[in-house]
Amino acid sequence: MAAVHAADLDHVREIFSSKPELPFEATFRIIRPDGAVRWLRHRGFPIFDETGYLARFAGITADITEARQVHSALVRTQSLLASIVNSSPDAIVSELLDGTITTWNTAAERIFGYSADEVIGKPSSVLRTSNQEREEVLILARIRTGMHVQNLKTERQHKDGRLITVLLTVSPIRDEFGNIVGASTINHNLAERKCLEDKLSIATEHLRAVLETTNEFVVCLDRDWRITYINRLPEGGDPAAVIGKRLWDHQPVLLGTVVERAYRKAMVELTPTPFEFFFVPAKMWLSGVAYPTESGLLILIRDETEKRAMDDQLRQAQKMEAIGQLAGGVA
């Protein structure tokens, strides 16, 4: 008992002391003199003398450390695989070669409407229409030869009877001897992808409309100062012509200006940086803010030319008004 690991000691004592007249088995850890921890499986049985008195115990002890480690690694791998399968957005279903469903993940329940209890042990034909029997025969025939089925576009039937367009990938399942015993099918729901693509397309069109009609100039730069997007050019022209160009090559007039300093500060310090400058090529007063992003900078620029002209006119009018009041006072 002195060698038994402290965490297993009570368990081992209970097994060795209860019902000593019966054979017993125990699995536990020991700590060897060198400090190594080993897993043991002990099988014991009582030996009685001619009077029926329990004279001694005999037993066999095997070191199962390596087997235990392999088993633990297998359990961890199976747990990881189960987690991956259950977290997949695709329906993953496995079946025997006769079509009997053996596994059914969470996404399969969501996509097809059946719970695992409703379909495991049932034929996979519950997901197909009568017109698809030949398709299943051809798929299983291919699987029996060890081949895969890649990206087969077809339909599967929901629990409520409606048809769902899916993209199938089917792979053979082998046992420990390499024999093909079943098939694993990944069902990618194309209806969901189509819905997401439609929503993304609508959002993209809305964003494009906003960017093309806004009064602001919108510029996106990567970390190499290359232009990745611009909605329009201050001096006019096709914005697509400057995509991929370095900002400093496209507009060398900005080098050494407050604009360059603001851009570099926003890129280095990762903080929004405002700026204001007179853009000589287009004879425009511009102001804006450089926002740092994960990929570089997002720059929003406003045309302040008209506002500045109005401000100048207002100031001029205020000056004239002041001069008029002064002249009236002198008169």
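Our structure is the block above this text.
Because the structure is predicted, anything quoted here is derived from the model rather than measured.

Cut-offs and rules
Residues numbered from 1 in each chain as written. Predicted model: local features only at pLDDT ≥ 70, side-chain atom pairs only at ≥ 80, totals over all residues. Heavy atoms only, no water. Helix = DSSP H or I, 4+ residues; strand = E, 2+ residues; numbered from the N terminus. Rg over C-alpha atoms; globule rule 2.2 N^0.38 Å. Buried < 20%, exposed > 50% of the residue type's maximum accessible area, 1.4 Å probe, protein only. Contact = heavy atoms within 4.5 Å. Pairing = 2+ DSSP bridges. Axes fitted to C-alpha atoms, helices over the stretch in contact; angles between N-to-C directions. Arc of directions from axis to C-beta.

The helix and strand inventory of the protein chain stands at nine helices and 13 strands. In terms of overall dimensions, the protein chain is more spread out than a globule: its C-alpha atoms have a radius of gyration of 38 Å, far above the 20 Å expected for 331 residues. Dimensions along the principal axes, computed over C-alpha positions, put the protein chain at roughly 145 × 65 × 40 Å. The buried share of the protein chain, taken over its 331 residues, is 30%. Long-range pairs, those at least 24 residues apart, make up 34% of the contacts in the protein chain between residues at least 6 apart in sequence.

On to the sheet that holds strand β1 (residues 24-31), then. With respect to topology, three strands assemble into an open sheet ordered β1-β2-β3, the strand pairing being antiparallel. Edge positions in the sheet fall to β1 and β3 (54-63), since each of these pairs with one other strand and no more. Here the average twist between neighbouring strands, direction ignored, is 30 degrees. Here β1 runs beside strand β2 (residues 37-48); their pairing, made up of eight bridges, is antiparallel. The residue bridging Glu-25 from the neighbouring strand is Arg-43, located in β2. In the packing of helix α1 (residues 9-17) onto the sheet, contacts are made with β1 and β2, and the angle to β1 comes to roughly 150 degrees.

The next point concerns α1. Of the positions making up α1, those classed as buried are Leu-9, Val-12 and Ile-15. For α1, the arc enclosing every buried residue in end-on projection is 130 degrees, short of the 170-degree limit, so these residues lie on one face. Across α1 from its buried face, at more than 90 degrees, point the exposed residues Asp-10, Glu-14 and Ser-17. Buried residues along α1 sit against β1. Downstream of α1 by a residue or two, Lys-19 has a phi angle that is positive, lying close to 45 degrees.

Let's shift gears to unusual backbone geometry. Even without being glycine, Asn-151 reaches a positive phi, approximately 50 degrees. Relative to the elements of secondary structure, Asn-151 occurs in strand β6 (residues 149-157). Although it is not a glycine, Trp-225 adopts a positive phi angle of roughly 65 degrees. Topologically, Trp-225 is positioned in the loop between β9 (217-222) and β10 (227-230).

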